[in-house]
Amino acid sequence: PRPIEELSIWDDAKAMLKKARAEGIQTVHDRLDRQTPHCKFCELGTTCRNCTMGPCRVSEKNPLGVCGADADVIVARNFGRFVAGGAAGHSDHGRDLIEVLEAIVEGETSDYKITEENKLRAIAGEVGIKTDGRPTMDVARDVMECFFADFGSRKKEVSFLSRVPKVRKDKWAGLKMIPRGVDREIAEMMHRTHMGCDNDAPNTMIHAARTALADGWGGSMIGTELSDVIFGVPTPKMSTANLGVIKADKVNLLVHGHNPVVSEMILAAARDPELLARAKELGATGINVAGLCCTGNELLMRQGIPMAGNHLMTELAIITGAVEAIVVDYQCIMPSLVQVSGCYHTKFIDTANKARFSGAIHFDFQPKTAMKQAREIVSIAVEAFAQRDAGRVDIPCEPVEIMTGFSNEAVTAALGGSLDPLVQAIAAGDIRGAVGIVGCNNPKIKQDSLNVKLAEELIKKDILVLVTGCVTTAAGKAGLLVPDAIEKAGPGLKKVCGALGIPPVLHYGSCVDNARILQLCAALANALNVDISDLPVGASSPEWYSEKAAAIGLYAVASGIYTHLGHPPNILGSETVTNLAVSGLEDLVGATFFIEGDMVKAADMFDERIKTKRKALGLSE
Ligand code: SF4
Ligand code: FE2
C-alpha cells in the first residue's frame with residue numbers, strides 16, 4: 001500500500017487512515033491500490049461495449065472494432081455517454097425539486113413550502129410567466145409546468161437560455177448546440193451512440209456539449225433556483241469544517257449526497273424537543289447534524305451546519321467511531337460506506353428508491369410524509385447513541401472556521417444592490433479576473449493537494465476564486481474561506497475583499513450550484529455587452545472523478561469559459577477528440593479545456609488567459 005503520507009494533505013484524514021489500518025478497515029485507497037494498474041484501453045477510451053458483436057478494443061495494431069468503428073468514433077461515443085450520465089444525475093436531481101414544488105402546489109405536503117416568494121416571482125418573470133397581481137400559488141404552478149416542460153421535447157430551447165447573452169446563443173444556434181430539452185438531449189446522446197448512428201466524432205462531441213448545456217442551463221439551474229425558492233436564498237454566515245465538527249458528547253448524524261429535499265427535513269427533525277430529550281436521556285448533550293459532500297454544501301450555504309468533510313473523508317468520518325447515523329440521498333456515495341458503517345455502531349440509512357444500498361436501512365422518502373420519516377430517521381440515530389463504543393472514538397482535531405453563503409443575490413446585496421462595483425473592481429484591475437474551482441477528490445491524487453494549491457496560487461495573482469462542491473471543504477480546511485485569508489491574496493483582491501469583509505475565496509454552493517456561476521458570468525457579460533468568452537474568467541476541476549464533473553466541465557467550455565482539468569478524461573486514445581477538447585473548441589465556442597497536473601503552471605495559464613481577455617476588453621493586464 002502507498003504510505004499514508006502520500007494519500008492526503010490533511011492531519012484528520014491521515015489520523016483516520018492510520019486508525020483504519022490498525023482496525024483492519026479497508027478504504028478507497030486500499031481498493032485503488034488493488035485496481036492499479038488500470039486497463040490501458042479503458043484509460044485511453046478505446047474500449048467499446050455498445051453491442052454484442054464486441055466488446056472491442058482498438059489500437060494501432062488493430063484499429064477497427066467489429067463494426068468498423070475507429071478510435072475516434074469509439075472515444076467520442078464513450079465520452080458522450082459519460083457526459084450524458086453526468087447531465088442525467090444533476091438534472092434528475094433538478095426534477096426532484098420540481099416534484100417537491102408540485103407537491104406544494106397540489107397541497108399534498110405541508111412539510112415543504114415556498115420560502116422565497118420574491119425569488120419565485122423573479123424567476124417566473126425571467127422565463128416569461130406573468131406575475132403581476134397573481135396569487136403566488138398560480139405563479140408557482142406555471143413555474144412548475146414550465147420547468148417540467150424543460151425536460152421534454154416540445155420546446156426550441158430550455159427556459160433559462162433567457163439569461164444567456166444573445167451572441168452566445170447565436171453561436172450555439174449556428175453549431176446546432178442549443179439545448180432543447182433536458183431529457184431529449186440525454187436520450188438523443190444514447191441514441192446517437194448506439195451502433196450504427198453518429199459515426200463522426202466531432203459531431204458526437206457537439207451533441208455532448210449540447211447535452212452538457214442542457215444540464216448547466218437546464219437541470220442544474222432549475223435544481224439550484226427551486227432549492228432557493230423552497231429552502232431559502234443563501235446569505236453569508238459563519239460555520240466550521242473538518243472531522244472536528246463531529247462531537248464526542250453528541251448524537252452525530254451525517255447527511256451525505258446531493259439533494260437538500262431530504263437533508264433539510266433531517267435538520268428540522270433534529271431540532272424536535274422530544275428527540276432532543278430522548279438523546280439527553282441516553283447521555284448525549286444534543287443532536288449534531290453535520291454535512292458531507294454536496295447535500296452538506298446545501299445545508300451549509302442555507303443553514304450554516306458544519307461540514308465534516310468532502311468525498312475522500314466520507315469513509316474516514318465513520319472511522320471516528322462517533323457517528324450514529326449516515327443518511328444519504330444520491331450521487332457520490334461510496335457503496336463501501338455500508339461496510340464501514342458495519343464496522344461500528346453506525347446506522348447507514350438510504351432514502352431514495354433510485355439509490356438503494358444493499359445492507360442499508362431504507363426509507364422511501366416522499367414529500368407527503370417527509371417530516372414524519374425524518375423524525376423516524378433521527379430517532380434511529382438517537383437510539384444508536386446507546387450502542388456507541390467510547391473506547392473506539394477518536395475525533396482527531398478541532399474544527400476550523402469558514403464563511404459561506406455567497407449566492408448571487410447575497411453578493412449583489414453586499415455590493416449595494418448591483419454588480420456595478422464588481423464590474424468596476426474588475427475594470428480597475430483590483431480583481432483581475434475570477435476562476436471557479438469545483439468538483440471532487442480522486443484517490444489517484446493526494447487529497448486536496450491540487451484543490452488548495454490552485455486556489456492559493458490564483459488569489460496571489462488577484463484572481464477571485466469561487467468554490468463549490470468538494471473543493472469547498474478543501475479551501476475551508478486550508479483557512480481560505482475566512483476574511484483573514486486576504487493576507488494570502490494579492491494587493492488588489494486584499495483591498496476589495498478587505499473593504500467588504502469577505503474572503504478572497506467565496507463558497508458558492510454545491511455542484512448543481514455551478515449554475516450560480518454560469519448565471520453570474522452571463523450577468524457580467526450582459527452588463528459589459530460582451531460574450532461570456534470575452535470575460536477574464538475561468539473554471540477548474542483539479543481533482544475531479546465523476547461523470548457529473550465532465551458534464552460541468554463541458555458546459556463551462558461550451559458557455560465560453562476556459563476550463564482546467566487536473567487530469568484528463570478517458571479520451572487520449574483519439575487524437576481527433578483530444579485535439580478538439582484542448583484546442584479545436586476554441587474556434588467553435590471561444591474556449592477550450594486545458595489539462596495540467598502542476599498547479600503553479602495551471603495558475604500561470606489562467607493568468608495568461610486573463611491578461612489576454614483583459615487586453616481585448618481594453619483593460620490593463
Ligand atoms: Fe465493437 Fe462496434 Fe459493437 Fe462497439 S459497436 S462493441 S466497436 S462492434
Ligand atoms: Fe457534488
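Quick caveat, the model's predicted, so the values are computed rather than measured.

What counts and what doesn't
Residues numbered from 1 in each chain as written. Chains lettered and ligands numbered in written order. Predicted model: local features only at pLDDT ≥ 70, side-chain atom pairs only at ≥ 80, totals over all residues. Heavy atoms only, no water. Helix = DSSP H or I, 4+ residues; strand = E, 2+ residues; numbered from the N terminus. Rg over C-alpha atoms; globule rule 2.2 N^0.38 Å. Buried < 20%, exposed > 50% of the residue type's maximum accessible area, 1.4 Å probe, protein only. Areas by Shrake-Rupley, 256 points an atom, 1.4 Å probe, with all protein chains shown as cover. Lys, Arg positive; Asp, Glu negative; His and termini not counted. Charge placed at Lys NZ, Arg CZ, Asp CG, Glu CD. Salt bridge = Lys/Arg side-chain N within 4 Å of Asp/Glu carboxyl O. Donors = N, O, S within 2.8 Å, 3.2 Å for Na, K, Ca; no water. Polar contact = N/O pair within 3.5 Å; in protein donor to acceptor, adjacent residues only side chain to side chain. Contact = heavy atoms within 4.5 Å. Domains from an automatic or database assignment. Buried area = accessible area lost by both parts, 1.4 Å probe. Pairing = 2+ DSSP bridges.

## Description of the overall build of the protein chain
- When helices and strands are tallied, the protein chain shows 24 helices and 16 strands.
- Its C-alpha atoms give the protein chain a radius of gyration of 24 Å, within 12% of the compact-globule value 25 Å for 621 residues.
- Counting only C-alpha atoms and orienting by the principal axes, one finds that the protein chain spans roughly 65 × 65 × 50 Å.
- By the burial criterion, 62% of the 621 residues in the protein chain qualify as buried.
- Accessible surface, the protein chain: about 22500 Å² in total, of which carbon and sulfur atoms supply 52%.
- Across the protein chain, 66 positive and 76 negative side-chain charges occur, with their mean positions spaced 2 Å apart.

## Examining the pattern of salt bridges
- Inspection of every chain in the model, using the stated rule, returns 47 salt bridges.
- Of the charged contacts in the structure, one is a salt bridge between Glu43 and Lys40, with a shortest N-O distance of 3.3 Å. In this pair, Glu43 and Lys40 are both assigned in helix α3 (residues 40-44), three residues apart and thus about one turn of the helix distant.
- By relative accessible area, Lys40 is classed as exposed at 53%.
- In this structure, the salt-bridge partner of Arg95 is Asp92, at a minimum N-O distance of 2.9 Å. With Arg95 and Asp92 both in helix α4 (residues 71-105) and three residues apart, the pair spans about one turn of that helix.
- Judged by its relative accessible area of 21%, Arg95 is partly exposed.
- On the basis of relative accessibility, which here comes to 22%, the residue Asp92 falls in the partly exposed class.
- Salt bridges sharing partners connect three or more residues here, namely Lys119, Glu126, Arg163, Glu225, Asp228, Glu298, Arg302, Glu409, Asp513 and Arg516.

## Quick look at the coordination of the iron ion (ligand 2)
- Taken together, the protein ligands of the iron ion (ligand 2) are His258 (NE2), Cys294 (SG) and Cys511 (SG), with distances of 2.3 to 2.4 Å.
- We note that the donor set of the iron ion (ligand 2) lies within a single chain, spaced as H-x35-C-x216-C. In this pair, His258 sits in the loop between β4 (251-256) and α10 (260-269) while Cys511 sits in the loop between β13 (505-509) and α21 (514-528), placing the two residues 253 residues apart along the sequence.
- Using a relative accessible area of 3% as the deciding quantity, one classes His258 as buried.
- Judged by relative accessible area, which is 10%, Cys511 ranks as buried.

## A short note on the side chain of His564
- Take His564: it is sitting in strand β15 (residues 562-565).
- Within the structure, the side chain of His564 is placed 2.7 Å from the backbone oxygen of Glu596, a separation counted as a polar contact.
- Leave out the neighbours within four places in its chain, and His564 touches Leu454, Ala539, Ser540, Ser541, Pro542, Phe594, Glu596, Met599, Ala602 and Phe606.

## A few points about the domain arrangement of the protein chain
- Domain assignment breaks the protein chain into domain 1 (71-231), domain 2 (243-392) and domain 3 (406-616).
- A straight line from the C-alpha centre of domain 1 to that of domain 3 covers 23 Å.
- Counting residues at the interface gives 37 residues for domain 1, matched by 39 residues for domain 3.
- Summing the contributions of domain 1 and of domain 3, the shared interface buries around 3100 Å²; its carbon and sulfur component is 70%.
- Summed over the shared surface of domain 1 and domain 3, the result is four salt bridges.
- Salt-bridge contacts for Asp531 lead to Arg168; the nearest nitrogen and oxygen are separated by 2.9 Å.
- Counting only elements with at least two residues in the side of domain 1 that touches domain 3, the list comes to α4, α7 (166-175) and α9 (201-231).
- No other element matches the 16 residues that α9 contributes to the side of domain 1 that touches domain 3.

## Focus on the pairing of strand β5 (residues 287-292)
- Among the six residues in β5, six count as buried, and that is most of the element.
- Residue alternation in β5 divides its side chains into two sets, Ile287, Val289 and Gly291 and Asn288, Ala290 and Leu292, and both sets are buried.
- Bridge analysis of β4 against β5 gives five bridges, and the strand direction is parallel. Within β5, the position partnered with Leu253 by the bridge is Val289.
- Pairing between β5 and strand β6 (residues 307-309): two bridges, direction parallel. In the sheet register, Leu292 faces β6, and the bridge partner there is Gly309.

## Quick word on the side chain of His256
- Among the structural elements, His256 can be located in strand β4.
- Residues in contact with His256, not counting those within four places in the same chain, are Leu292, Cys293, Thr295, Thr314, Ile326, Val327, Val328, Asp329, Cys332, Ile333 and Leu337.

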